[in-house]
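Close look at the chain arrangement
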Amino acid sequence: MTNNELMQEDLKHIFHPCSQMKDYETLPLIPIKKGKGAFIEDFENNVYLDCISSWWVNIFGHSNEYINAKINEQLQDLEHVIFAGFTHKPAIDLAKRLVSLTPEPLQKIFFADNGSSAIEISLKMSFQYFKNKGESRPLFVSLENSYHGETMGALAVSDTGLYKEVYEEILIKSVHAKSPSLVPEDEAIADMRRVLEENKGKVNSVVIEPLIQCAGSMKMYDASYITKLRALCDEFGVFLIADEIAVGFGRTGTLFAIEQANVTPDFLCLSKGITGGYMPLSVVLFTNDIYDAFYCDYSEGKSFLDSHSYTGNTLACAVANAVLDIFENENVIENNQAKIEFIKEQTKRFKDLPNVQEIRQRGMVCAIELKGYAPSERIGLTIFQEALKQGVYIRPLGHVIYFMPPYIFTQEQLKKMIDTTYDIVTKI
Ligand SMILES: *Cc1c(COP(=O)(O)O)cnc(C)c1O
């Protein structure tokens, strides 16, 4: 079948995510037949360099041989089993490894199957922790320009108008403090202090995306903010929830972004890269203190009764273990350093272009913000289409182009990604 035939079949029934379906009248869907390494290929043999790791998940590229072998191996024994009352080896191994890779106070883990669910779990647990201790603390604090997912609780703590506006009147209450990615750090900290002061005794937690507000136009800030925020959370006795769903697993140059701030959050949410794009999986890590607040006789009514059908899926856990193997065996974090430097070097030239506002980079994420375009021009769409014609898949957020390549990109592929984009930006 041709791309077009498949698209017609698709559009009869499927409502795609993050899409205005009418756009597909002029902007064709691309049916993908296969993926290998850095490339995906459509049904007419066009290949595209996947520069955003297929929405930030395929950190080791497509159809990775080692992961394929490991998932096949697991498939011979067990694909899934109910996780209430039962357990399995891949989950036990994964829990142990994640606990050893994250700050020491994070000793317990709760499994779910997507990023938004991980956020819901941390919010519910945080609220219930205080309730179990006889306190009512209904408020969550997050940052302006934040994004924590699409379910109602996650949306409530997000501040990306586009996704949230419609539902505003039915969302749980949350308060936003100024973001260090938009105002100077001291101002952001002072504003957080104000918010915590004004809502003293009502706030249970502060939730942040460490270092990069990804869906919020890839806005970035320094680790020193997180260090100061941790101290502030301690001072006010509220939890710090670190949403590393996007930035975890090496994106910012360290395995986890919080390492750069040298702090321990009370909750750490992980997903996306955790299975290298193979299986839906997410986890929340937290402290023994939090765990203990739920540990009692059933009749006391303090249990945490959250569950998802695919919680702790066996194949997903096996894949996550394979991903951790690759980090270990191939020295990924160390080897990425040269790639990070290369991206920095190669993107410098954008600075001289009249339509470039700013270049931002944290590790393996680089964003180029353009200027001089009205939102109605949808310049990101034009760039996306031009790049695609040249076999490069990028997906700008409005007027912000970003690169989030898989860690397996060669220097040549990084160069192709940047050269192609540069060429387009000089011509639009
Ligand atoms: C993607 C993302 C989420 C939501 O994860 P889903 O798996 O899409 O539900 C939450 N927080 C951040 C920072 C994300 O990037």
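All of these numbers come straight from a predicted model, not from anything done at the bench.

Brief notes about the sheet that holds strand S16 (residues 400-403)
Two pairing modes exist for strands in a sheet, parallel and antiparallel, and in both the strands are linked by backbone hydrogen bonds. An order of S13-S14-S16 is seen for the three strands of this open sheet, with the pairing classed as antiparallel. Both edges of this open sheet fall to strand S13 (356-362) and S16, since each of them pairs with a single strand only. Neighbour-to-neighbour, the strand axes of the sheet open up by a mean angle of 15°, direction not taken into account. In this sheet, strand S14 (residues 365-370) lies alongside S13 in antiparallel orientation, the contact comprising six bridges. Paired with Ile-359 across the two strands is Ile-368, which belongs to S14. Contacts between helix H12 (residues 332-347) and the sheet are confined to S13, S14 and S16, with S13 contributing the most and set at about 170° to the helix.

Overview of the domain arrangement of the protein chain
For the protein chain, the assigned domains are domain 1 (31-63 + 332-426) and domain 2 (67-329). Centre-to-centre separation of domain 1 and domain 2, based on C-alpha positions: 27 Å. Counting residues at the interface gives 29 residues for domain 1, matched by 26 residues for domain 2. When the buried surface of domain 1 facing domain 2 is broken down by residue, Trp-56, Phe-60 and Arg-362 rank first, second and third, together holding 29% of it. Across the salt bridge formed by Asp-222 and Arg-362, the nearest N and O atoms sit 3.0 Å from each other. Inspection of the domain 1/domain 2 interface yields 15 residue pairs in polar contact (both at pLDDT 80 or more). Every element with two or more residues in the side of domain 1 that touches domain 2 is listed here: helix H2 (53-56), H12, S13, S14 and S16. Of the residues forming the side of domain 1 that touches domain 2, the biggest block, five residues, is contributed by H12.

Description of the packing of helix H8 (residues 185-198) against helix H9 (residues 223-236)
Closest axis-to-axis distance for the H8/H9 pair is 10 Å, and the angle between their directions is 20°. When the axis of H8 is compared with that of H9, the two are roughly parallel. The handedness of the crossing between H8 and H9 is right-handed. In contact with Glu-185, Asp-186, Ala-188, Ile-189, Met-192, Arg-193, Leu-196 and Glu-197 of H8, H9 contributes Ser-224, Tyr-225, Lys-228, Leu-229, Leu-232, Glu-235 and Phe-236.

Observations concerning helix H11 (residues 314-329)
With 16 residues, H11 extends 22 Å between its outermost C-alpha atoms, agreeing within 8% with the 22 Å of an ideal straight helix rising 1.5 Å per residue. Here H11 lies mainly inside the structure; 14 of its 16 residues are buried. One side-chain oxygen at the N-terminal end of H11 lies 3.2 Å from the backbone nitrogen of Leu-315; it belongs to Asn-313.

Section: the pairing of S14
Consecutive side chains of a regular strand alternate in pointing toward one face of the sheet and then the other. Extensive coverage of S14 is indicated by the burial of six of its six residues. Burial along S14 is two-sided: the face carrying Val-365, Ala-367 and Glu-369 and the face carrying Cys-366, Ile-368 and Leu-370 are both buried. Hairpin geometry of S13 and S14 is characterised by an intervening segment of two residues between the two adjacent antiparallel strands and by a positive phi of about 60° at Gly-363. Bridge analysis of S14 against S16 gives four bridges, and the strand direction is antiparallel. From the neighbouring strand, Cys-366 faces S16, where its bridge partner is Phe-403.

Quick look at the UniProt feature "modified residue: N6-(pyridoxal phosphate)lysine" (unreviewed entry) in the protein chain
With numbering aligned to this structure, UniProt lists the feature "modified residue: N6-(pyridoxal phosphate)lysine" (unreviewed entry) at Lys-272. In this structure, Lys-272 sits in the loop between strand S11 (267-270) and strand S12 (282-287). On the basis of relative accessible area, Lys-272 is assigned to the partly exposed category, the value being 25%.

What counts and how
Residues numbered from 1 in each chain as written. Predicted model: local features only at pLDDT ≥ 70, side-chain atom pairs only at ≥ 80, totals over all residues. Heavy atoms only, no water. Pairing = 2+ DSSP bridges. Helix = DSSP H or I, 4+ residues; strand = E, 2+ residues; numbered from the N terminus. Axes fitted to C-alpha atoms, helices over the stretch in contact; angles between N-to-C directions. Contact = heavy atoms within 4.5 Å. Domains from an automatic or database assignment. Buried area = accessible area lost by both parts, 1.4 Å probe. Salt bridge = Lys/Arg side-chain N within 4 Å of Asp/Glu carboxyl O. Polar contact = N/O pair within 3.5 Å; in protein donor to acceptor, adjacent residues only side chain to side chain. Parallel < 35°, antiparallel > 145°, perpendicular 65-115°, else oblique. Left-handed = near helix turned anticlockwise from the far one by under 90°. Expected span 1.5 Å × (residues − 1). Buried < 20%, exposed > 50% of the residue type's maximum accessible area, 1.4 Å probe, protein only. UniProt positions renumbered as here; feature names shortened; annotations may be inferred.

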